[in-house]
2 protein chains.
Amino acid sequence: MAASLPTSVSSATDHVFSIERHEQLQLSPEDRQRITERTKWVLDSPDPPGFRQEIIGSIRNAVFSRKNNKLGSAQPPLACVGEFLSSVFPILNWAKDYKVSMFKNDLLSGLTLASLCIPQSIGYAGLAQLKPQYGLYTSVVPPLIYSTMGTSRELAIGPVAVVSLLISAMCSKVVNPMVDPVSYNKLVFTVTFFTGAFQALFGLFRLGFLIDFLSQAAIVGFMGGAAIVIGLQQLKGLLGINHFTTKTDVVSVLIAVVKSFHDTWYPQNFILGCSFLIFILITRLVGKRNRRLFWLPAIAPLVSVILSTLIVYLTRADEHGIKIIKHFKGGLNPSSVNQLQFNSPHLRESVKIGLVCAIIALTEAVAVGRSFATIKGYNMDGNKEMIAMGFMNIAGSMSSCYVATGSFSRTAVNFSAGCQTAVSNIVMAITVLVSLQLFTGLLYYTPVAILASIILSALPGLINYTEAYNIWKVDKLDFLACAGAFFGVLFASVEMGLMVAVAVSFAKIILNALRPRVEELGRLPGTDIFCEVDQYPVAQAVPGILIIRLNSGLLCFTNANPLRDRILKWVTEENGKEVTKRPITGIILDMSSVNNIDYAGILALEETNKKLLSGGIKLAIASPRWQVIHKLKVAKFVDKVGRDCIFLTVSEAVDSFVGSRFNGPGNC
Amino acid sequence: MAASLPTSVSSATDHVFSIERHEQLQLSPEDRQRITERTKWVLDSPDPPGFRQEIIGSIRNAVFSRKNNKLGSAQPPLACVGEFLSSVFPILNWAKDYKVSMFKNDLLSGLTLASLCIPQSIGYAGLAQLKPQYGLYTSVVPPLIYSTMGTSRELAIGPVAVVSLLISAMCSKVVNPMVDPVSYNKLVFTVTFFTGAFQALFGLFRLGFLIDFLSQAAIVGFMGGAAIVIGLQQLKGLLGINHFTTKTDVVSVLIAVVKSFHDTWYPQNFILGCSFLIFILITRLVGKRNRRLFWLPAIAPLVSVILSTLIVYLTRADEHGIKIIKHFKGGLNPSSVNQLQFNSPHLRESVKIGLVCAIIALTEAVAVGRSFATIKGYNMDGNKEMIAMGFMNIAGSMSSCYVATGSFSRTAVNFSAGCQTAVSNIVMAITVLVSLQLFTGLLYYTPVAILASIILSALPGLINYTEAYNIWKVDKLDFLACAGAFFGVLFASVEMGLMVAVAVSFAKIILNALRPRVEELGRLPGTDIFCEVDQYPVAQAVPGILIIRLNSGLLCFTNANPLRDRILKWVTEENGKEVTKRPITGIILDMSSVNNIDYAGILALEETNKKLLSGGIKLAIASPRWQVIHKLKVAKFVDKVGRDCIFLTVSEAVDSFVGSRFNGPGNC
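Residues numbered from 1 in each chain as written. Chains lettered and ligands numbered in written order. Predicted model: local features only at pLDDT ≥ 70, side-chain atom pairs only at ≥ 80, totals over all residues. Heavy atoms only, no water.

1. Describing the overall build of chain A
Across its full length, chain A carries 28 helices and twelve strands. A globule of 668 residues ought to have a C-alpha radius of gyration of about 26 Å, yet chain A, at 33 Å, is considerably larger. For chain A, the spread of C-alpha atoms along the three principal axes comes to 100 × 70 × 55 Å. Residue pairs in contact within chain A that sit at least 24 positions apart in sequence constitute 81% of those at least 6 positions apart. Total accessible area computed for chain A in this model is approximately 28,200 Å², and 64% of it derives from carbon and sulfur atoms. The average position of the 59 basic charges and that of the 44 acidic charges among the side chains of chain A differ by 9 Å. (Helix = DSSP H or I, 4+ residues; strand = E, 2+ residues; numbered from the N terminus. Rg over C-alpha atoms; globule rule 2.2 N^0.38 Å. Contact = heavy atoms within 4.5 Å. Areas by Shrake-Rupley, 256 points an atom, 1.4 Å probe, with all protein chains shown as cover. Lys, Arg positive; Asp, Glu negative; His and termini not counted. Charge placed at Lys NZ, Arg CZ, Asp CG, Glu CD.)

Structural data, given as C-alpha cells:
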C-alpha cells in the first residue's frame, strides 16, 4: 500500500479512471482518533423529540401556524378585527385595488361563462335527477359566496358532472326520486349541507391532508369511469326513454337500453341530439386549433339550445315524439331551510354521502385552483379554499342549491376569456339570476336530447388517457389503483370504485414496508463513495467485507425477521463460494436509509449480531439516523455491538475494518 | 479561498477542530468534469427490475430456493427419494448418529418432562373445557409425530395454557360445552384439524412471514392479558364454583365470582389449592437460586398431585366439599376421525378459530425453538417447523387430541435436564401413554383445586413485565400495540385483543408514511460530510444554499403534497429572516433516504421545481436511489430539472453550486 500524496490536482482525472493506482494509506493513530471522534459525534447526539413532544408539536404547528406570525407585534383591537375579517373575506383585500379595466375583462369572461353555464347547469341538474331550475339556482348563490371568501381568481363555481352523478347514484339508493321526489329533494339539500359542513371543518382544522388520501392516480381512474357512466346515462335523454334504471354500472345501463328498444322509441330525439353534439364537438376542435376563437366552443352550447328550441317551436316537433323540458319554475332562489332534515331515518346516510361528496368536490376544486394559480404565479391557500367551499355549500343548501364546486372546463374558459378576479363569478351569477327571472319561459320547447348532447360534449375532458398512460409508465401499483377505481365505478358502483382505489393505494404502503430490501454496496473506483453494485456497475466490492445497505425506511415487525434471514443467508452464500476469494470477516450495515426502527427491528438486529459473532464475523453500524441511534442506545444494543463498531460513514467503517484509508484528491 | 495543500498527514487533527482553516479550492475544469462524469454514472444506471420481474423473482425465490442448491448435480432417482424423505423426516438424519450416552440424557429429561406434563395436561384440558383424558392424549400423539418431522432438539410439545384458553373462549361462543359437550368435542377436533392444515400450508408455501405480522410487542401484551384471564378462571377450581361464566373478560369473571359467594362454597378447596400453590412457588424459587436443583420445580406438580390425592383419599375429604376429578377414561388414544365435521353449520367459525390458533401456536413454538437453537448454536428451519406442527395437529385431530404446540416452560425444563435430541419427546409420550393405561384410576381422588394451583403456578412465566418495560422505553407505538392487546384481552375478548394489536401495528406503518419529514443538513466541520443539524449540533449550514434531506422511505400520495408545502414554506421563512444573511439561491434535495417514489411524489417534485424556478432558485437532486432515478427519468423530470442538476453526492452538489470544493486529508 503506497503512501505517496499526488503532486498536483490535475492528476485527479487519472485517479478517477484507474482502479489499481488509488492510494491507500495505513491508518495512523491520528486517523484512528479522527474515526473515534466522529463515532463520538454519533453516540453523543442529543435525544430526538419524544413521542409526546412530536404530537404536541404537530398540533401546535397545525393550529397556531398562522398566529405565530402575529405574535410579538401588538396591534390595536380594531386592526386585529379588520385583519381577521380580511383573512376570512379576501374580497376586502383585492377589492381595494380593483380597476375599471379589470372590470371590462371580468364582464366579458363572466358573460362567456354564463353562456356556457346555463345549458350545462340545466343538464347537470337532470343528471342529479333534480328539476332544471335547481341547476340554475346552484349557479347563483355559491359563486357569489365564493367570490367573497375564496382566494382563487379563475375558479368557476357551479354544478359539475361528476358530483351530480355522485348525488344521483348515492341518494337514489336511499330515496327513489321517481317515487318520492319531495323526499329526494330534502335528502339532496341535507347532503349539500353536510358536504359544506365537512369542507368547512377540513379547512378550519387544517385537515387538508385527508384530501391527499385520494391519490392523483385514483382520481384519474375515478373520473374516467364516472365520465363513461355519465355518458351511458345520457342515452336516456338521447333515446327519449321513460323508464330507466337507477343503477349506474355499465351492465345494468346497457340492459335497460336494450330493453327500451322493445318499447316505442322515437329516433328524432337521437338524430337531433347527435347532430348538435357533432356541432358542439366541431366548434371545440376549431377552438383548440385557433386560440383566438376560444369563445366559439364556449357559446356553442347556448347556440345549440337556442337553435333547437326554435326548431322544435316552429315544427311543433314535441307532438312528434321529441321530449322537451316544458315548464320549469324560475325566479329567485327560494329558501330551503325548512327542507333540511336532521332527524330523519336517513341521517346516517346523509352524513356519509356528504363526506364522500365533500372529498371529491374539494379534490377537483383544489387541483383546478392550484394549477391555475401556479400558471398565474400567485399563492392559493388550500385551507382557506376549503372554508370558502364549505360556507358556499352550506349557504347553498339553505337556498335550494345542491353541491357546487370548481369545474375545470369552465375555469379554462374563464381563464382564456381573460378574467382578472373573482368578479367574473359575480357577473356570471347575476346573469344567471336575470335569466332565471326573465328567460325561463323561453326554454319551454328545449329538447331534452340537447341537454344530453351538451353533457356528452363535456365528457371527453374527464377521460384523461394521456395521464393514465403516464401513470402506467411511472408506477404500476399506482396504475392498479387507477384501474381499480375505473373498473369499480364502471362495473360495481361509485362508492366501490373509490374504496378499491383507496384500498390499493394504502396496500401499496403496507407492501412497501413488507419487502426486506438489502443491497450490496461497493466502492466507486477512485473515490470514498460506496454505492449499490446493482445501480452502479462500476462499483467494486471490498474483499473480505460485506457492505449491506438496508433499504427499508422503517425497520419494523413486517420486515425485520426476513431481513435478518436475508443477511445471514447472504453470509452463508458468500462464504460458500470459491475458495480463492477471501472469507467474510466483517459486515457493515449502512443504515442511512432507515429512518426509524421498532422493537421487532431491534430484536432482529440483536439476533443477527449474536449469530454473526458466533461465526467470528464482526458487525458494524454506519450512518445511523437520529431516531435509530437513540433507540439503539436505549435498548443497549450499542453496548452489545460495541461502541467501536458504530461509525459516522461507511467509508470510515471500511477503513477501520481494513486498517487503511483512501487518500487522494477529488474524493467525495 | 486559499489553495494550499497540507504538508503532512498529522495536521489532519487540526483540521477537524478548526472550522476557519478548512481549505476551499476553486473548482477546476477537471473537477467539473469529474462531477459531470459522476452525474453520468447516476443517469446512465441500468434499469431496475420491473414490477413483473420482481413478482416473478419473489415467487421463484420462495418456491425454488431449496431446489436451487440441487440443480446441476445429477443424482440417481433412489438418492433423490432418500433425500426428499430425509428432508421431510429429519429423524432419518440424526437417528444415524444416535449414541447410548445421548439416550441416558434423553431418558432423564423425558421422564422429568412427563412428570411436569401429566398434571399440566390434565389442568389445561380442564381449561379448554375438555375431559381430563384429552389433555393426556394430546401429550402422546403430537410429540411422537413432531419428533420425526421437527428440527428443534429441545422443543417440548404438548397442550399449552394460552392455546387452551383460545380454544375454550372461541369455541364456547359457538357451542356451549355445558349444554352440549358432544358437539363441543367435535368442534374442538375440527378446529384442531384446521389449525394443523393452516400450519402445514404456511410451511409448504413459505408463508412464514405472516406469523411476523403479530409483532413481538403484541405477543407480550396478549400473553400477559391471557395469563390474567386464565388465572381468574382458576378461581372456579379454587373456590369450587359450579356455575361459571363462559365469558373471559375480567368484569364478567369478577361478577361471577362475587355472585358465587352467595351460593354455598367450601373454603377447603381454596385452602388446599393455595397451600400447594405456595409449595410449588417455593420450589420454583429454590430451583432458580440453585441451578443444580432444576428438577425440584419440575417434579413439584406431580408431587403435589400425589400428596393431595393421598390426603383426600385418607381423609375422605370429597365428602366434605373438596371437588375431585372422579373417573376419567384412560387407555390408548381413540380415533376421532368420525368426529371431524366438515359440513356442519359451524364450518366457517371452525376455519376462523383454526386460523387464529394456528398463528398463535406457531408464534410461540417458533419463537421458543429459535431461541434455544441459537443458544445451542444450530439452525432451525422455520418452514419445516411449521410443516411438522401442521401434520402433528392434523394427526392429533384424528386421535382425540386438541391443539398442541411448543411450551416455553417445559422446553426450559427439557433443556435444563440435558436433553440431546427429540427422543426426550418420545420418552415423554411413551411415559404418558403408560400412565394412561395404568395409572388413571389413581387420579380418582385428585382434587380439582390442585389442577388450578398447578395452572396458576405456570402463569407468572407468561407475564413478561420486564419486556413490556423495555418496549415502553424503546418504542411508544409498539407499547401501544402491547397495551392494546393486553387490555383488549382483559376487558373485551381474546379476538378483540388480537385485532387491536394487529390494527395498531399496521397503523404505525401508515402513520410513518404520513409524516412528511424534511431535515436540514449542514457540513460537519473540516469534512465533506453533510449531516442533520439537529442530530449533529456541530454541523454548519452552507450560506446561500438550503440542503434538505427527505426522510421518508416512500415519497407517495400521503406525504408528497405536505412535503412540497414544507419545502416552499421553508424557503419563504429562510428568505424572510435577517437581511444580513445570504438569500437562498439553491436548494439541494438529498434523496438518499427515499427508496421509492410514486406518481403523486413526482407531481409534487415537479410543482416544487416550477415554483422554485419562478422564484429564481435552482433545485438539485443528490444521491437518488435506483428506483427513484429510473422513475424520474421515465417521467421526464430529469429533463425538467436539468441533467446538470442531478448529482451523485450532496458534496458534489454543494461544490457545484458554490463553485469551489473542499480539500484536505482525512475527509470522508
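2. Remarks on the pairing of strand β10 (residues 618-622) of chain A
Residues and elements named next belong to chain A. Within β10, four of the five residues are buried, which leaves it mostly tucked inside the rest of the structure. Pairing between strand β8 (residues 586-590) and β10: five bridges, direction parallel. Paired with L589 across the strands is I621, a residue of β10. Bridging between β10 and strand β11 (residues 646-647) involves two bridges; their strand directions are parallel. In the sheet register, I621 faces β11, and the bridge partner there is I646. (Buried < 20%, exposed > 50% of the residue type's maximum accessible area, 1.4 Å probe, protein only. Pairing = 2+ DSSP bridges.)

3. As for the interface of chain B and chain A
Taken residue by residue, the interface counts 95 residues in chain B and 97 residues in chain A. With both chains or domains summed, chain B and chain A bury close to 8,400 Å², and 62% of this area falls on carbon and sulfur atoms. On the chain B side of the interface with chain A, the three residues burying the most area are B:W41, B:F557 and B:Y599, jointly 10% of the side's total. At the boundary of chain B and chain A, one finds four salt bridges. Across the pair A:D475 and B:K631 runs a salt bridge whose closest N-O atoms are separated by 3.2 Å. On inspection of chain B and its partner chain A, the count reaches 18 residue pairs in polar contact (both at pLDDT 80 or more). Counting residues per element, the side of chain B that touches chain A draws most heavily on helix α23 (residues 494-514) of chain B, at eight residues. Looking at the side of chain B that touches chain A, its residues break down into 42 nonpolar, 25 polar and 28 charged. (Buried area = accessible area lost by both parts, 1.4 Å probe. Salt bridge = Lys/Arg side-chain N within 4 Å of Asp/Glu carboxyl O. Polar contact = N/O pair within 3.5 Å; in protein donor to acceptor, adjacent residues only side chain to side chain. Nonpolar A, V, L, I, M, F, W, Y, C, P; charged D, E, K, R; others polar.)

4. Looking at unusual backbone geometry
Residues and elements named next belong to chain B. A positive phi angle is found at S623, which is not glycine, with a value near 50°. With respect to the helices, strands and loops of the structure, S623 is situated in the loop between β10 (618-622) and α26 (626-634). For K636, which is not glycine, the phi dihedral falls at a positive 60°. One can find K636 in the loop between α26 and α27 (637-641). Taking the relative accessible area as the measure of exposure, K636 reaches 47% and is therefore partly exposed.

5. Overview of the state of the cysteines
All chains considered together, the criterion is met by zero disulfides over all chains. Note on A:C401: no disulfide assigned, nearest cysteine sulfur contributed by A:C117 at a separation of 12 Å. (Disulfide = S-S within 2.5 Å.)

6. Notes on the sheet that holds strand β4 (residues 518-523) of chain B
All names here are of chain B. Judged by pairing direction, the sheet is mixed, and its six strands sit side by side in the order β5-β4-β6-β8-β10-β11 without closing on themselves. The strands lining the two open edges of the sheet, one partner per strand, are β5 (530-532) and β11 (646-647). Of the strand pairs in this sheet, strand β6 (residues 545-550) and strand β8 (residues 586-590) are connected by five bridges, and their pairing is parallel. What sits directly across from L546, in β8, is I587. With respect to the sheet, helix α28 (residues 650-658) is in contact with β4, β5, β6, β8, β10 and β11, its orientation differing from that of β8 by roughly 170°. (Axes fitted to C-alpha atoms, helices over the stretch in contact; angles between N-to-C directions.)

7. Focus: a nonpolar patch on the surface
Taken together, the side chains of A:L144, A:I430, A:V434, A:L438, A:F439 and A:L442 define a hydrophobic patch exposed on the protein surface, amounting to about 560 Å² of accessible area. Relative to the assigned elements, A:I430 resides in helix α19 (residues 423-438). (Patch = residues over 30% accessible without salt bridge, like charges linked within 9 Å, V, L, I, M, F, W, Y side chains within 5 Å.)

8. Comments concerning the environment of B:K476
All names here are of chain B. Among the structural elements, K476 can be located in helix α22 (residues 476-491). For K476, a relative accessible area of 28% corresponds to the partly exposed category. Once the C-alpha coordinates of K476 and R153 are considered, the two residues, 323 residues apart in sequence, prove to be 36 Å apart.

9. Describing the pattern of salt bridges
Under the counting rule described, the total for this entry stands at 20 salt bridges over all chains. Close ionic contact of A:D565 with A:R564 constitutes a salt bridge, the shortest N to O distance being 3.2 Å. The class of A:D565 is partly exposed, set by a relative accessible area of 36%. Linked through salt bridges whose partners overlap, the residues forming this network are A:D478, A:K508 and B:D598.

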